[in-house]
Amino acid sequence: MHAYADLVEKNKRYLWNPFTQMKDYFDRRPVVIARGEGRRLIDIDGNAYWDGVSSLWLNVHGHRVPELDDAIRRQLEDIAHSTLLGQANVPAILLAERLAQIAPTGLTKVFFSDSGAEAVEIALKMAYQFWQNTGKCSKSKFVTMCDGYHGDTIGAVSVGDIPMFHARYAPLLFQSYKIPFPNRYRNPYTSSDPAFGALHAVEELFQREADQIAALIVEPVQGAGGIVPAPKGFLTGLRALCDTYDVLLIVDEVATGFGRTGRMWACEHDGVSPDILTVGKGLTGGYLPVAATLATERIYTAFYGEYEEFKALYHGHSYTGNQLGCACALANLELIERNRIIDHVAQSARVVSTRLNALRDHPHVGDIRQAGLMIGIELVEDRETKRPFPLTTRAGWRVCWQARELGMLLRPLGDVVVFMPPLASTVDEIQEMTSILCDAVERGLKEVVGK
Ligand code: PMP
């Protein structure tokens, strides 16, 4: 057994954590997780915490799930990994079949990768090359949403727009057209209906530039942008515009897929099928790094031809189609169905919403946004003007530090407190986690405003 102090010392010496200011991290007594149990994470000293953000938005059933553990063990008896480049393997084929069966209509072809960002990179290359392969070479640019987030690799950052994460890398990025997202709380449009304003802006752009545009990429609920659900009808409107102007629609469901919003896919709320769909996170239940880019027959066919035509999609990673990951994903999808997780999310979401009523009138809670079990609470200095707290106040972090004291791990997005419990959490667990969330918001804000 390793001692806490010893591990932190080694963390200091050798381990550089992602998305982390290391000085700040070491100033605040890092949590070192030793194991997991159901919906809880247990640290090296035996303290248990609720996994309030599903280990970065991906855990579905909890930790140490017997069915998932067994699926991996069974697969290990055969093989851990072989390449998918130019050959196949059993679980990758079966998982592709299963994904095509449950995907929105028309998405019949599955291209695997290892992370959400890679799934997005593939979607971008696929869309770009689709037009090259079909002789419309001018269609090479992308339309993206302001405050969008699609991952941290350079292509994914190029279609992202979160100043704190992305601005520094601007000189490395390719240019894309940016449309303000129809955010109802901070409406960037003069129209009182932000979806109308955004669709109008997209149409104006398409009228001028559609012959230059390969695809539009959108999140049905902006995740890292602050948990902002698109208004109902927005995706329907985008689908219609993309059809009219012959632009491909890429929907990024890396965060929203596999039941997170109360449907298998968030785009189902609008009854929309994209041309390309990116998925990841919940695909393996939160166990192993497998992601996928799904495409229509029309797109796949454009890549199909003789070897010397160079129409193939030149993309693939060492671990693409990893058997352990694919076997785990198959077991996860079976469990989602068997345990009726999607219906359960809808029920749990109502429980959370009711409990959050306690915060709705708080003078520093500006907005509470929710799509299923994807919840964001935006803290503001002034509720009337929606003025944010100064950056140095760290209101979002203060709430999360309070939550940690109360036994739940959270991670904010600026001053948006994010709550995304594992989808299979029981109603009792959801009640308990939501109570901690409310207490942490109250305590954190008290610390900020000093009363
Ligand atoms: N797209 C969206 C919408 C996401 O929320 C994320 C991750 N939060 C990604 C892509 C990137 O996924 P990954 O971290 O697995 O690369």
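Keep in mind the model is a prediction, meaning the values are calculated, not measured. (Residues numbered from 1 in each chain as written. Predicted model: local features only at pLDDT ≥ 70, side-chain atom pairs only at ≥ 80, totals over all residues.)

1. Quick word on the domain arrangement of the protein
Under the domain assignment used here, the protein contains domain 1 (31-61 + 340-449) and domain 2 (68-338). Averaged C-alpha coordinates put domain 1 and domain 2 at centres separated by 27 Å. Taken together, the contact between domain 1 and domain 2 spans 27 residues of the former and 26 residues of the latter. Taken together, the elements giving at least two residues each to the side of domain 1 that touches domain 2 come down to α3 (54-57), α13 (341-355), β13 (365-371), β14 (374-379) and β16 (416-419). Counted by class, the side of domain 1 that touches domain 2 contains 16 nonpolar, seven polar and four charged residues. (Domains from an automatic or database assignment. Contact = placed C-beta atoms within 7 Å. Helix = DSSP H or I, 4+ residues; strand = E, 2+ residues; numbered from the N terminus. Nonpolar A, V, L, I, M, F, W, Y, C, P; charged D, E, K, R; others polar.)

2. Regarding the packing of helix α9 (residues 194-209) against helix α10 (residues 234-245)
The N-to-C vectors of α9 and α10 enclose an angle of 15°; their axes lie 10 Å apart at closest approach. Relative to α10, the element α9 is oriented roughly parallel. Helix-helix and strand crossings are classified by hand; for α9 and α10 the assignment is right-handed. Between α9, through A195, A198, L199, V202, E203 and F206, and α10, the contact on the second element is made entirely by F234, G237, L238, L241 and Y245. (Axes fitted to C-alpha atoms, helices over the stretch in contact; angles between N-to-C directions. Parallel < 35°, antiparallel > 145°, perpendicular 65-115°, else oblique. Left-handed = near helix turned anticlockwise from the far one by under 90°.)

3. Remarks on the UniProt feature "modified residue: N6-(pyridoxal phosphate)lysine" (unreviewed entry) in the protein
Here, the residues flagged by UniProt with the feature "modified residue: N6-(pyridoxal phosphate)lysine" (unreviewed entry) are K281. The residue K281 is located in the loop between β11 (276-279) and β12 (291-296) in this model. Setting aside anything within four residues of it in sequence, one finds K281 in contact with W57, L58, G116, V254 and A255. (UniProt positions renumbered as here; feature names shortened; annotations may be inferred.)

4. Digging into the sheet that holds β13
Across the sheet, which stays open at both edges, the three strands sit in the order β13-β14-β16 with antiparallel pairing between neighbours. Taken across any chain shown, the strands that pair with only one partner, and hence form the sheet edges, are β13 and β16. Each adjacent strand pair in this sheet contributes to an overall mean axis angle of 15°, direction not counted. (Pairing = 2+ DSSP bridges.)

5. Digging into the pairing of β14
Within a regular beta strand, the side chains point alternately toward one face of the sheet and then the other, so they alternate between its two faces. Counting buried positions over the six residues of β14 gives six, a clear majority of the element. Judged by which residues are buried, β14 turns out to be covered on both faces: M374, G376 and E378 on one side and I375, I377 and L379 on the other are all buried. As defined by bridge partners, β13 adjoins β14 across six bridges and the pair is classed as antiparallel. Residue pairing in the sheet places A371 in a bridge with M374 of β14. The hairpin turn running from β13 into β14, its antiparallel successor, is two residues long, and G372 in that turn takes a positive phi close to 65°. (Buried ≥ 20, exposed ≤ 12 C-beta atoms within 10 Å, placed from the backbone.)

6. Here we look at the packing of α13 against helix α15 (residues 427-449)
Packing of α13 against α15 brings their axes to within 10 Å, and their N-to-C directions diverge by 30°. Taken together, the axes of α13 and α15 lie roughly parallel to each other. As α13 packs across α15, the resulting crossing turns out to be right-handed. From α13, S348, V351, V352 and R355 reach across to α15, where they touch V427, I430, Q431, T434, S435 and C438.

7. A look at helix α6 (residues 116-133)
For α6, with 18 residues, the first-to-last C-alpha span of 25 Å sits near the 26 Å given by 1.5 Å per residue. Most of α6 sits out of view: 15 of its 18 residues are buried. Looking one or two residues past α6, G135 carries a phi angle of roughly 85°, positive in sign. (Expected span 1.5 Å × (residues − 1).)

8. Remarks on the sheet that holds strand β10 (residues 248-252)
Across the sheet, which stays open at both edges, the seven strands sit in the order β4-β12-β11-β10-β7-β5-β6 with mixed pairing between neighbours. Each end of this open sheet is capped by a strand with a single partner; those strands are β4 (107-113) and β6 (177-179). In this sheet, neighbouring strand axes are inclined to one another by 20° on average, regardless of whether the strands run parallel or antiparallel. Along the sheet, helix α5 (residues 90-102) makes contact with β4 and β12, crossing β4 at roughly 135°. Those strands touched by α9 are β5 (141-145), β6 and β7 (213-218), and its axis lies near 155° from that of β6.

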